[in-house]
Every structure is written in structure tokens, then in C-alpha cells.
Amino acid sequence: ESPLSVGNGEFAFTADVTGLQTFVQAYEQTIPLGTLAQWGWHTAPNPSGWSIDQFSFTEFESRGRKVGYADIPNNVRTPEIDWLRGNPHRLHLGRIGLWLAKANGTPAAPSDLADILQTLDLWNGIVMSRYKLEGQPVEVQTVCHPSLDLLAVRVDSPLVGTGRVGILLHFPYGTGSATASDWTRSDAHQTVVSRPGAGAANFARRLDNDAYHVAARWNANAELSETSRHQYLIHPGKPMKDVRALEFVCAFAPRSMRGELPDFKKTRATARDHWNRFWSTGGAIDLSGSRDPRWRELERRIVLSQYLTAIQCSGSYPPQESGLTFNSWEGKFHLEMHWWHAAHFALWNRI
């Protein structure tokens, strides 16, 4: 019930205990696992032509004048109100998960993982996930580029060389729900794949009138295959015992991307420099002089909150409560909360 996120204020990726979005169903009733960006929105079709400009506002008396309010009397939600409230909504840009197979070839379940140890390294901005599958160790490093909407991943395990570990990419349709994704409507959206070279694929995505682009790069000794509509698997094409690592980067953008993408090593180094600089500047807090035994936990939460607000609340739009983790309020902010999300930055000298 405690997924971890990496991000940069404009883009965030939330992972489960595997370090990626592998067991998404286990999180849908707690904290959904999202891949969200400030620019990533979707609007469902509007054949009825509903518009807030034509909505019948309810007038209330306010200091001697009438003020219109988009009221919902008795909370009766009409189709018009549902569409106006739900659109546009943030879009889950794509699930990036691990394909984990047991020795008999069946997919691994959460209960198949043992000795789980997961750490969010605040100083370097990286999630380290360690566990065992049928006695075999798996280590996953997950990091977000500080200035690109790009996720970088390295998987170290003897299972990589046996073909039992891969990367799954799965693209959904949009919805205003908390998950920001609808995996049932495969006919309602499009994914066009192009292959610019070995270890590379580009995905052009279209949902109704909205479009975005995804670029993926990985070790040349892995291959891409389409496993179902809008779902792709990257894994070694054949067992190679001397291969123990799979590196993968995935970038998201509203328009087609040009030029080279930084690899995992460069992304990790850039993120490390960014977060080292972040923690070495601005305000800090030290409660160790307190006589209250709760000081250590309070200080831990304050430090963690600096990280969370940096990745969730410091982007080009004000956030709603869940930031870029998942899709509360259809992703749209409300101004009475912006104070709490933004005013504290001045106290840390992080304007």
C-alpha cells in the first residue's frame, strides 16, 4: 500500500515493489500506479456539444449581488454534468512493468516474490528494489531524468539471461477515474510503431483528438514483440547465460522526438547531480534538539515531503491533492488547495 515515485515536477512515475508497474491490480484500490505528465490530458468525445459556457449556473446571493455557481442540486449527476466535470482528465501515458516468469513459464504473482527490500534513495533520486523469484535475485534501479519526461531502468538478475525477465509496455485509453486509464477499450485508440534501429522503437499514440509520442531504447541484445493490441514486450530473444542486465529508457512527449536519448547510465548520473544539488541548497531542518521522542519521525516526514513536493507540485500547473501520482479530481487543481501546495517553497528558498 506504499508505492514509491520518481519524477521532476513535470513528469512522475509511480512503481510497485518490483520497481516498475508490474502488479497494477494490487494497487487499484489503494494508490494506483500512474505515469503522468503536466501536458498529458485526454478529452472524451462530446457529440452533444456540452460546454461550460452554456451550462445553467445556479445563482447565489453574495454580499448584495448574484453570483453564478456550477451547482449540482441534491448531487444529481446528469450526463452533461458528468462530461463537463470529467473532461479533460489526466491520462496514464503508459504502463511500464516487468515481465517476470517462473521456471514453469507461468507469470509470477506478488506472492512469488521473497526477501523484498525497496529503498527510495532521496539523496540520489533513485528507487532501489531487491527481491528474489524462486530463489534467484532480482535488482531493479528506477530513476527519472530531471529535465526530460524520461524514465530509465536497469534490471540485474541471472533471470535476464534465461529469458525470464523482460519489460512490458502497455498503453491504455483515457478515463476520468483515479487510475487515469481504461484497459478495456482497445478499439478506441491507436498505437503506431516504428523501428528506427536495433534496440529502439517509437510509438505514435492517438486517443480521439489527442496525441502523444513515446520513444523506447534498450540493450541491443533484447527484442521487441507485440503481445496484444497496444502491449509490447522487450526481452532477450534467446537465452544467453552471460547476460545479466537489461537497461531500458522510455521518453514521453506531446510531439515527435528527435535526437538521441540519454541511456540509463547518463540519466542516473544526471539525476544524481540534480538531487545532490537540491539537497545541498535551500532550507534544511534539524529537530534533534527536541525532548519529544517523536522528533525523528517528524523530521523524516518533513524531509520526505520536500522530495514529494519537488516531484509532484513544482511543475507548470498547480497540482490537485495527489499530484502526478494518480488522477484525483480528474487531475484538475482547485485554488483553495494551491496555498498548501506552493507557499512552503518560499520558506525553503525554493521559489
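Residues numbered from 1 in each chain as written. Predicted model: local features only at pLDDT ≥ 70, side-chain atom pairs only at ≥ 80, totals over all residues. Heavy atoms only, no water.

Participant: Got a minute to help me understand the overall build of the chain in this structure?
Facilitator: When its secondary structure is counted, the chain shows six helices and 19 strands. In terms of overall dimensions, the chain is globule-like: its C-alpha atoms have a radius of gyration of 22 Å, near the 20 Å expected for 351 residues. The principal-axis extent of the C-alpha atoms belonging to the chain is close to 80 × 60 × 40 Å. Going through the 351 residues of the chain one by one, you find that 46% of them count as buried. For the chain, long-range pairs separated by at least 24 residues make up 64% of all intrachain contacts whose partners lie at least 6 apart in sequence. For the chain, the separation between the mean place of its 35 positive charges and that of its 35 negative charges on side chains is 5 Å. (Helix = DSSP H or I, 4+ residues; strand = E, 2+ residues; numbered from the N terminus. Rg over C-alpha atoms; globule rule 2.2 N^0.38 Å. Buried < 20%, exposed > 50% of the residue type's maximum accessible area, 1.4 Å probe, protein only. Contact = heavy atoms within 4.5 Å. Lys, Arg positive; Asp, Glu negative; His and termini not counted. Charge placed at Lys NZ, Arg CZ, Asp CG, Glu CD.)

Participant: Explain the sheet that holds strand S2 (residues 11-15) here, please?
Facilitator: The strands making up a sheet are joined through hydrogen bonds of the backbone, oriented either antiparallel or parallel. Here three strands make up an open sheet; going across it, the order is S1-S2-S3 and the pairing antiparallel. In this open sheet, the two edge strands, each paired with only one partner strand, are strand S1 (4-7) and strand S3 (35-37). Across the sheet, the mean angle separating the axes of adjacent strands is 20 degrees when strand polarity is ignored. Lying over the sheet, helix H4 (residues 295-312) contacts S1 and S2, oriented at roughly 55 degrees with respect to S1. (Pairing = 2+ DSSP bridges. Axes fitted to C-alpha atoms, helices over the stretch in contact; angles between N-to-C directions.)

Participant: How should I be thinking about the state of the cysteines in this particular structure?
Facilitator: Note: disulfide means a covalent bond formed between the sulfur atoms of two cysteine side chains. In this structure the tally under the stated criterion is zero disulfides. With no disulfide of its own, Cys144 lies 11 Å from the sulfur of Cys250, the closest cysteine sulfur. Here Cys313 stays unpaired: no disulfide links it, and the sulfur of Cys144, its closest cysteine neighbor, is 15 Å away. (Disulfide = S-S within 2.5 Å.)

Participant: Looking at this structure, I do not really get the side chain of Arg164. What am I missing?
Facilitator: Relative to the assigned elements, Arg164 resides in the loop between helix H2 (158-161) and strand S13 (165-170). Looking at Arg164, its side chain comes within polar contact range of the side chain of Glu134, at 2.6 Å. Contact partners of Arg164, with chain neighbours within four places excluded, come to Trp99, Leu100, Ala101, Lys102, Ala103, Leu133, Glu134 and Leu159. (Polar contact = N/O pair within 3.5 Å; in protein donor to acceptor, adjacent residues only side chain to side chain.)

Participant: Sorry, what's going on with the sheet that holds strand S17 (residues 222-228) here?
Facilitator: Strand order in the open sheet formed by four strands is S8-S13-S18-S17, with antiparallel pairing between adjacent strands. With one partner strand each, in any of the chains shown, strand S8 (95-100) and S17 form the two edges of the open sheet. In this sheet, neighbouring strand axes are inclined to one another by 25 degrees on average, regardless of whether the strands run parallel or antiparallel. Note that S8 and S13 share six bridges and pair antiparallel.

Participant: What is the right way to read H4 from this model?
Facilitator: For an α-helix, 3.6 residues make a turn, and residues three or four places apart therefore share a direction. Here H4 is 18 residues long and its end C-alpha atoms lie 25 Å apart, about the 26 Å a rise of 1.5 Å per residue gives. If you check which residues of H4 are buried, you get Trp295, Glu299, Gln306, Tyr307, Thr309, Ala310, Ile311 and Gln312. Its buried side turned inward, H4 meets S1, S2, strand S9 (113-121), helix H3 (264-280) and helix H6 (344-347). (Expected span 1.5 Å × (residues − 1).)

Participant: What is the right way to look at the environment of Gly176 in this model?
Facilitator: Within the fold, Gly176 resides in the loop between S13 and strand S14 (189-194). With relative accessibility at 25%, the residue Gly176 sits in the partly exposed group. Expressed as a C-alpha distance, the spacing of Gly176 and Ile31, which sit 145 residues apart in the sequence, is 15 Å. Not counting the four nearest positions on each side in its chain, Gly176 is found in contact with His89, Asn327 and Glu330.

Participant: Any chance you could explain the pattern of salt bridges here in plain terms?
Facilitator: Once their charged atoms are close, side chains differing in charge can pair, the charge on each being opposite to the other. One pass over the full model with this rule turns up 13 salt bridges. Between Asp187 and Arg229 there is a salt bridge; the shortest N-O distance is 2.4 Å. In this pair, Asp187 sits in the loop between S13 and S14 while Arg229 sits in the loop between S17 and strand S18 (231-236), placing the two residues 42 residues apart along the sequence. With a closest N to O distance of 2.9 Å, Glu297 and Arg300 form a salt bridge. Placement of both Glu297 and Arg300 in helix H4 is noted, with a separation of three residues, approximately one turn of the helix. Using a relative accessible area of 31% as the deciding quantity, one classes Glu297 as partly exposed. (Salt bridge = Lys/Arg side-chain N within 4 Å of Asp/Glu carboxyl O.)

Participant: For this particular structure, what's the right way to read the packing of aromatic side chains?
Facilitator: The relative placement of two aromatic rings is captured by the distance of their centres and the angle of their planes. This structure, assessed with the given rule, holds eleven aromatic pairs. Aromatic pair Trp275 and Phe278: ring centres 5.1 Å apart, planes at 70 degrees, arrangement edge-to-face. Of the two residues, Trp275 and Phe278 both sit in helix H3, three residues apart, roughly one turn of that helix. The exposure class assigned to Trp275 is buried, which follows from its relative accessible area of 3%. Look at Phe278 and you get buried, because its relative accessible area is 12%. Against the face of Phe278 rests Arg350, its NZ or CZ located 3.7 Å from the ring centre. (Phe/Tyr/Trp six-rings, centres within 6.5 Å; stacked < 30°, edge-to-face > 60°. Lys NZ or Arg CZ within 6 Å of the ring centre and 35° of its normal.)

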